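Next come the chains, spelled out residue by residue.
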Amino acid sequence: MSEPSAPESLDLAMTADNGLELKNTLDGETSPYLLQHRDNPVAWQPWGEEAFETARREGKPVLLSVGYAACHWCHVMAHECFENPEIAALMNQLYVNIKVDREERPDVDSIYQSALALLGEHGGWPLTMFLTPDGEPFWGGTYFPPSPRFGRPGLPQVLQGIAGIYANDQERVTKNTTALKSALDNLSQNQTGDSISTGIIDQIVAHLVKEIDMRHGGIGSAPKFPQPGIMKLLWRAAKRSADPMKGKALRQACELTMTKMCQGGIYDHLGGGFARYSVDAIWLVPHFEKMLYDNAQLLEVLGWLWQDSGNPLYEQRIRETVAWTLREMIADSDGSGKTPSGAFAATLDADSEGEEGKFYVWSESEIDSLLGEEAALFKKHYDVGPDGNWEGKTILNRTDLPDLGDAEAEARLAAARDTLLAVRNRRIWPGWDDKVLADWNGLMIAALAELGPLFEEPAWLAAAEEAFAFVCREMQVEGRLFHSWRHGKLKHPATLDDYANMAAGAVALFEATTKAAYLEQAENWVATVDRHYWDEEGGGYFLTADDTRGLIVRTKTPHDNAVPSGNGTILSVLARLYYLTGKESYRARAEALIRAFSGEVNRNFFPLATLLNGAELLSSAVQVVIVGEREAADTKTLLSAVRALCLPNRILQVVAPDESLPENHPTSGKGQSDGRATAYVCHGPTCSLPITEAKALTLALGGETAAS
């Protein structure tokens, strides 16, 4: 639909306040983002029926403001507008104002981001939407300054114009709400089709790889996002390609991208971890916030690339990023800072002391003073000069000298980094959003469950198990997950993504530990998703449950955003459960899910990477079953051989000699050979002969190809 015309001016006398004065009620919330706004003069209300009932009673439209704690421009608009008494008074007079943390309510955010896109605007945060008292959107935007600039109207102008339209032109409002509601409903109507073959996936990959910037890596130009789902899609295609040249080109695209990111400014070279995205095309200047979900996904990608390449840079970045996660991203139980919960926190802010990136940047004089004789070597490698590389300061990066040096040079650089990190840790820190989100925790749990055994780091696997135990213990009520937890308080019903990512984490932990409880929990969560989220008419899973209230539409999409699609993730979970349990119901549901969304590839394949990866897993799984005692030396030797290889479609099971697999499992009835730990490699119903030697297992899994 077309964008509505610009807001018009308003005679304020026409919208005199006719209700009781509202107070800001955010002090009762747990979200750090909402709590940042509890002292605003704006009478913010949390999302809920009470706020909309107030709007209905007073005949006012609703101003919905959505953001998150680590969002730089959210802070800018808050300081410029929401802390301004005059602007706040106008907001309070003309609107019922609702503040939402998009990380706490991704369901709310997704609806109104889609509405903004339908209005012809680019989405993002802060999101500023204008709604009827029934929650129906009729106009919106993102950031608005306090007075006209950047080609944008000032917020006071917008407030008055929209209120005037709402008061005096209800026909226009109704026209917009009706059109938007219809369009939102249509967005949730999935495009059905048949199966998704690897041939179709290869055609999509051929288009996607053309979008890679083969000079700087990444997709397109500025701004650049990591796109881990697409990196996985390209890497999978490279591994199965029968054309050596095409496979090499796909590998180069992925390795170039990840190397540029690992050595660019988007990576925190002192503390570890990746920022959310780069504002430029060369990965130099990040949007400095660090998100749990980005780092979890990038860890998995780096793990795959390291398995195939052995590149020490990738291992170093994995180890540093996991260290950052376990050091700085364990949520606190009660706010004291002394009682770690075991679960993972959400984000670190971009801003400190009111400035974006201040915590992370350096001047040459600081480097010289702190490093002394070692300064010259460090400055050469990390792009430090008198004029800086960003607004007069330096963002540390190794873009110009990306290759690792000899052992002595790297040891000296590591010591210099430690010196600078110790000093940086004494600076005023960015804000920390320590709420626990089930879906994001699931992503990090799965990553650590895979990487812990790979790098023989039991502490990583233990951290994954501890976080998983926390979510099960603290974020479930009568078997139903909740989305958010902070300082002992549960908030908001779970979304599909919560169940999908936690189930994926459960399956990863089962494959890493063989503990049956993890597999059982994954099955229980999938049963809940089938009961409350499946669309019986159109197929596919809705984002929200059938008993989630207060939303104008139930969204349903296979599209990845910054996080993987819940429908794509649950497809992989269903595939793995089918192969692990032999239950045909999981395969049937997985195939139905693919049919529900396969038509989307003809509409927009770019955001379908997770769904496509799941479809390949279902059709091309490689089942590796090791019959042996879990802690026996010969079993561990075979496990190490399997884990050394990058096998995206691998399904791994360790079965004790006295255990049995389902009758329809391809290894049913197979046991040990000569009393030794024995592996079987199965493609579909066909399995290899018994394998007892690690080298033979490597060859059976295509290791000679992977190592080439």
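The structure under discussion appears in the preceding block.
My aim in this report is to walk through the structure given alongside it, one point at a time. Once a new chain begins, its residue numbering starts again from 1 and follows that chain's sequence as written. The predicted nature of this model means local features are confined to residues of pLDDT at least 70 and side-chain atom pairs, given and counted, to a pLDDT of 80 or more, with totals for whole chains, interfaces and linings taken over all residues. Calculation of side-chain values draws on the structure's entire complement of heavy atoms; hydrogens and water are dropped beforehand.

**A few points about the overall build of the protein**
Part 1 of the argument: A helix here means a DSSP run of H or I that spans at least four residues, while a strand means a run of E at least two residues long, and both kinds are numbered starting from the N terminus. A count of helices and strands for the protein gives 25 helices and 21 strands.
Part 2 of the argument: Against the 2.2 N^0.38 benchmark of 27 Å for 708 residues, the protein shows a C-alpha radius of gyration of 26 Å, consistent with a compact globule.
Part 3 of the argument: Overall, the C-alpha framework of the protein stretches about 90 × 70 × 50 Å when taken along its three principal axes.
Part 4 of the argument: Evaluated residue by residue, the protein yields a buried proportion of 58% over its 708 residues.
Part 5 of the argument: Whether two residues are in contact is decided by their heavy atoms, any of which lying within 4.5 Å being enough. Counting contacts in the protein only where the partners sit at least 6 residues apart, residues at least 24 apart contribute 69% of the total. All radius of gyration figures rest on C-alpha atoms, and the globule criterion is 2.2 Å times the number of residues raised to 0.38. Relative accessibility thresholds used throughout: buried, under 20% of the residue-type maximum; exposed, over 50%; partly exposed, between the two (1.4 Å probe, protein chains only).

**Here's the deal with the state of the cysteines**
Part 1 of the argument: When two cysteine sulfur atoms lie within 2.5 Å, the pair is treated as a disulfide. Inspection of every chain in the model, using the stated rule, returns two disulfides.
Part 2 of the argument: The residue that forms a disulfide with Cys71 is Cys74, at a sulfur-sulfur distance of 2.4 Å. Classification of the bridge connecting Cys71 and Cys74 rests on its S-S torsion, roughly 80 degrees, and on that basis the disulfide is right-handed. Side by side, Cys71 and Cys74 carry an identical accessibility label, which is buried.
Part 3 of the argument: One disulfide in the model links Cys682 with Cys687; its S-S distance is 2.1 Å.

**Description of the packing of helix H9 (residues 228-240) against helix H11 (residues 292-309)**
The angle between the axes and the distance between the axes are what describe a pair of packed helices.
Part 1 of the argument: As a packed pair, H9 and H11 sit with axes 9 Å apart at the nearest point and diverge in direction by 20 degrees. Taken as axis vectors, H9 and H11 run roughly parallel relative to one another. Here H9 runs over H11; the crossing is left-handed. On the side of H9, the interface is formed by Pro228, Met231, Lys232, Trp235, Arg236 and Lys239, while H11 contributes Gln297, Leu298, Glu300, Val301, Trp304, Leu305 and Asp308.
Part 2 of the argument: For the contact of H9 with H11, the per-class residue count stands at seven nonpolar, one polar and five charged. Only C-alpha atoms enter the line fits that serve as axes; for helices the fit covers just the stretch in contact. Angles between N-to-C directions range over 0 to 180 degrees. Roughly parallel refers to an angle under 35 degrees, roughly antiparallel to one over 145, roughly perpendicular to one between 65 and 115, and oblique to any angle outside these ranges. The handedness criterion is simple: a crossing whose near helix is rotated anticlockwise from the far helix by less than a right angle is left-handed, and one whose near helix is rotated clockwise is right-handed. Throughout this entry, Asp, Glu, Lys and Arg are counted as charged residues, while Ala, Val, Leu, Ile, Met, Phe, Trp, Tyr, Cys and Pro are counted as nonpolar. The remaining residues, Gly among them, count as polar.

**Quick word on empty space enclosed by the protein**
Part 1 of the argument: With a 1 Å grid laid over protein atoms only, a set of points is called a cavity when a 1.4 Å probe fits there but cannot get out and a pocket when it is open yet has protein on both sides within 12 Å along at least five of seven lines; lining residues have an atom within 4 Å of a point. Grid points are joined across faces, edges and corners, and a volume is the space filled by probe spheres set on the points. Applying the stated rule across the entire model yields two cavities of 30 Å³ or more.
Part 2 of the argument: Taken as a whole, the largest cavity holds about 150 Å³ of empty space.
Part 3 of the argument: Around the largest cavity, the lining comprises 16 residues; the ones closest to its centre are Gly265, Tyr267, Asp268, His269 and Tyr360.
Part 4 of the argument: The element best represented in the lining of the largest cavity is strand E7 (residues 286-291), accounting for three residues.

**Notes on the sheet that holds strand E5 (residues 137-141)**
The strands making up a sheet associate through hydrogen bonds between their backbones, and the pairing can be parallel or antiparallel.
Part 1 of the argument: Reading across the sheet, the five strands line up as E1-E3-E2-E4-E5 and stay open at both edges, with mixed pairing between neighbours. Both edges of this open sheet fall to strand E1 (45-46) and E5, since each of them pairs with a single strand only.
Part 2 of the argument: If DSSP finds at least two bridges between two strands, the strands pair. When strand E4 (residues 127-131) meets E5, the two strands line up antiparallel, connected through four bridges. Pairing of Phe130 across the sheet is with Trp139, part of E5.
Part 3 of the argument: Against the sheet, helix H2 (residues 49-58) contacts E1, strand E2 (62-67), strand E3 (96-101) and E4, and its axis sits at roughly 160 degrees relative to E3.

**Quick word on the pairing of E3**
Part 1 of the argument: Of all six residues in E3, six are buried, a share of seventy percent or more.
Part 2 of the argument: On E3, burial covers both faces: Val96, Ile98 and Val100 on one face and Asn97, Lys99 and Asp101 on the other are all buried.
Part 3 of the argument: Where E1 meets E3, two bridges bridge the pair, whose relative direction is parallel. Residue pairing for E3: Gln45 is matched across the bridge by Ile98.
Part 4 of the argument: Examined bridge by bridge, E2 and E3 share six bridges and lie parallel to one another. Residue pairing for E3: Gly67 is matched across the bridge by Asp101.

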